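In case you want the letters, here they are:
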Amino acid sequence: MKRIVLAAAAALLLILPGCNGKKNAVPEQHPHWTYNTVIYEVNTRQFSPEGTFAGVEAQLPRLKDLGVDILWFMPIYEIGEVERKGSLGSYYAISDYTKVNPEFGTMADFESLLGKAHELGFKVILDWVANQTAPDNVWMTDKPADFYERDAEGNAIYEYDWTDTRSLNYENEQVWWAQDECMRFWLEKGVDGFRCDAAAEMPSKFWKAILPKMKTDYPDIYLLAEAESTELIDPKETFDASYAWKLHHLMNEIAQGKKTSSDLKAYVAEDDVEFGKTNFRMMFTSNHDENSWSGSEFERMGDAANAMAVLCFTLPKGQPLVYTGQEVGVTRRIEFFEKDPVTDWAANQYTAFFKDLINFRHANAKVLAPGEQGAPIEYLENDNPDVFAFSRGKGKNKIVVVVNLSSEPATAHIKLDGKYCSAFGAQEYSPKAESFELGAWQYCLMSKKK
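In this report, the structure presented in the accompanying data block is examined. (Residues numbered from 1 in each chain as written. Predicted model: local features only at pLDDT ≥ 70, side-chain atom pairs only at ≥ 80, totals over all residues. Heavy atoms only, no water.)

### Some words on the sheet that holds strand 5 (residues 123–128)
- Strand order in the closed barrel formed by eight strands is 1-2-5-8-9-10-11-12, with parallel pairing between adjacent strands. Shown here is a sheet whose adjacent strand axes are inclined to one another by a mean of 25 degrees, direction ignored.
- Two strands pair when backbone bridges link them, and strand 8 (residues 193–196) and strand 9 (residues 222–225) are joined in this way by four bridges, in the parallel orientation. In the strand pairing of strand 9, Cys196 is matched with Ala225.
- In the packing of helix 4 (residues 107–119) onto the sheet, contacts are made with strand 2 (70–73) and strand 5, and the angle to strand 5 comes to roughly 140 degrees. (Pairing = 2+ DSSP bridges. Helix = DSSP H or I, 4+ residues; strand = E, 2+ residues; numbered from the N terminus. Axes fitted to C-alpha atoms, helices over the stretch in contact; angles between N-to-C directions. Contact = heavy atoms within 4.5 Å.)

Structure (structure tokens):
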């Protein structure tokens with residue numbers, strides 16, 4: 001009882017103006033640790049020549065040096081053999097939710113990796129695949145027939161071209177609680193949350209049934225929905241974050257000359273209305289789906305890739321993602337069902353770029369925090385429609401972003417309200433230097449000098 005009273009008192013201090021030393025402070029809607037974080041997606045199979053948990057564990061110091069905070073592991077569970085695609089199969093065709101893929105090692109190997117990651121200060125989330133299982137999942141024999149969707153002949157069915165899967169029946173509420181039990185199995189091992197695959201494919205009533213109690217029992221977990229659904233954006237009841245798919249596709253179109261800075265401004269305004277201010281919006285130039293099926297960021301965005309990454313790290317509500325290999329400039333499509341490891345992790349200009357971006361993000365956490373804690377966007381007047389320029393923050397705690405969203409050089413005249421330091425190197429900008437000469441897709445990212 002004493003703990004409950006103290007917690008309630010602390011919550012009240014956050015709400016009452018000035019009581020916590022911050023006038024009109026906005027109460028946090030998400031676990032405190034989530035606000036100043038950059039996500040890194042780990043593709044275990046392709047992360048080392050061995051393709052194992054141990055191979056990832058060996059590289060944790062490198063990821064720590066890069067500066068990322070949350071390690072999202074693509075599914076690590078045992079993969080089905082029936083109708084398997086390729087020789088190794090899809091991570092997303094699971095035969096047992098509570099066993100690890102032996103391709104990656106043993107459960108002890110995973111626990112070692114988890115422990116080392118926590119020791120280094122990382123948070124670890126697992127990819128959760130609730131929509132479907134492999135045809136030979138243990139539930140096919142251990143559970144009633146109506147655990148799966150079936151056709152008129154009684155055959156378990158699949159969606160799209162996912163021939164290596166079978167769709168679970170979410171009209172059967174027993175499926176809900178079976179999923180809940182398996183997710184809790186991993187939470188008990190100490191994982192810090194989940195990225196939930198194809199979250200909008202399941203009825204929202206499923207998530208709204210299991211997640212509130214899960215959040216009560218594990219109040220510090222982080223939940224990311226692979227969805228852009230307004231039904232799933234309540235951080236107290238369902239998900240902390242959702243995918244900014246619309247932004248991603250818009251950035252591809254801008255890079256290809258099909259859209260402009262005015263379209264980006266319209267998106268920011270629409271997203272603010274549609275998704276509100278509390279939801280985190282995961283922003284990315286690549287991930288496993290985009291890389292393998294649509295091409296690397298260089299294939300889709302060309303020379304604009306870095307400029308778009310700058311936007312992912314600085315736009316309102318954004319929580320940025322780095323995918324396996326982006327930090328060393330991998331240009332190819334990584335195989336999905338076969339071994340195709342990244343083997344050269346030597347630091348290069350892409351490593352320096354992402355380290356600078358991540359350091360800038362951390363150094364300006366109060367301004368760039370996702371959700372309701374971040375500063376609003378204010379567009380800066382300039383005389384070039386190709387230049388997207390904005391500031392966030394007030395007083396000395398302020399950042400300015402200037403990006404040329406075209407394949408041609410651009411000049412922009414922008415009035416600064418003080419001296420600023422570049423996120424990339426030692427360059428300084430002052431109110432007297434109001435003319436920005438920008439090459440194709442060039443950007444300036446700066447923070448106010450204190």
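### Quick word on helix 9 (residues 261–275)
- Taking 1.5 Å of rise per residue, 15 residues should cover 21 Å, and helix 9 covers 21 Å from first to last C-alpha, within 8% of that figure.
- The inward-facing, buried residues of helix 9 contact strand 10 (241–243), helix 8 (245–255), strand 11 (280–283), helix 12 (305–314), strand 13 (377–379) and strand 14 (387–394).
- Of the residues trailing helix 9, Gly276 is marked for its positive phi of about 70 degrees. (Expected span 1.5 Å × (residues − 1).)

### Some thoughts on the sheet that holds strand 15 (residues 397–404)
- Pairing in this open sheet of six strands is antiparallel, and the strands run 13-14-15-20-17-18 from one edge to the other. The open sheet has two edge strands with one neighbour each: strand 13 and strand 18 (428–429).
- Across the face of the sheet, helix 13 (residues 349–363) comes into contact with strand 15 and strand 20 (443–448) while running at roughly 35 degrees to strand 20.

### Focus on the pairing of strand 12 (residues 318–323)
- Counted residue by residue, strand 12 has six buried out of six residues, so it is predominantly covered.
- When strand 1 (residues 39–42) meets strand 12, the two strands line up parallel, connected through three bridges. Looking at strand 12, one finds that Ile39 is bridged to Leu321.
- Of the pairings in the sheet, the one linking strand 11 to strand 12 comprises three bridges and is parallel in character. Counterpart to Arg281 in the pairing with strand 12 is Gly318. (Buried < 20%, exposed > 50% of the residue type's maximum accessible area, 1.4 Å probe, protein only.)

By themselves, these are just geometric observations and shouldn't be taken as functional.
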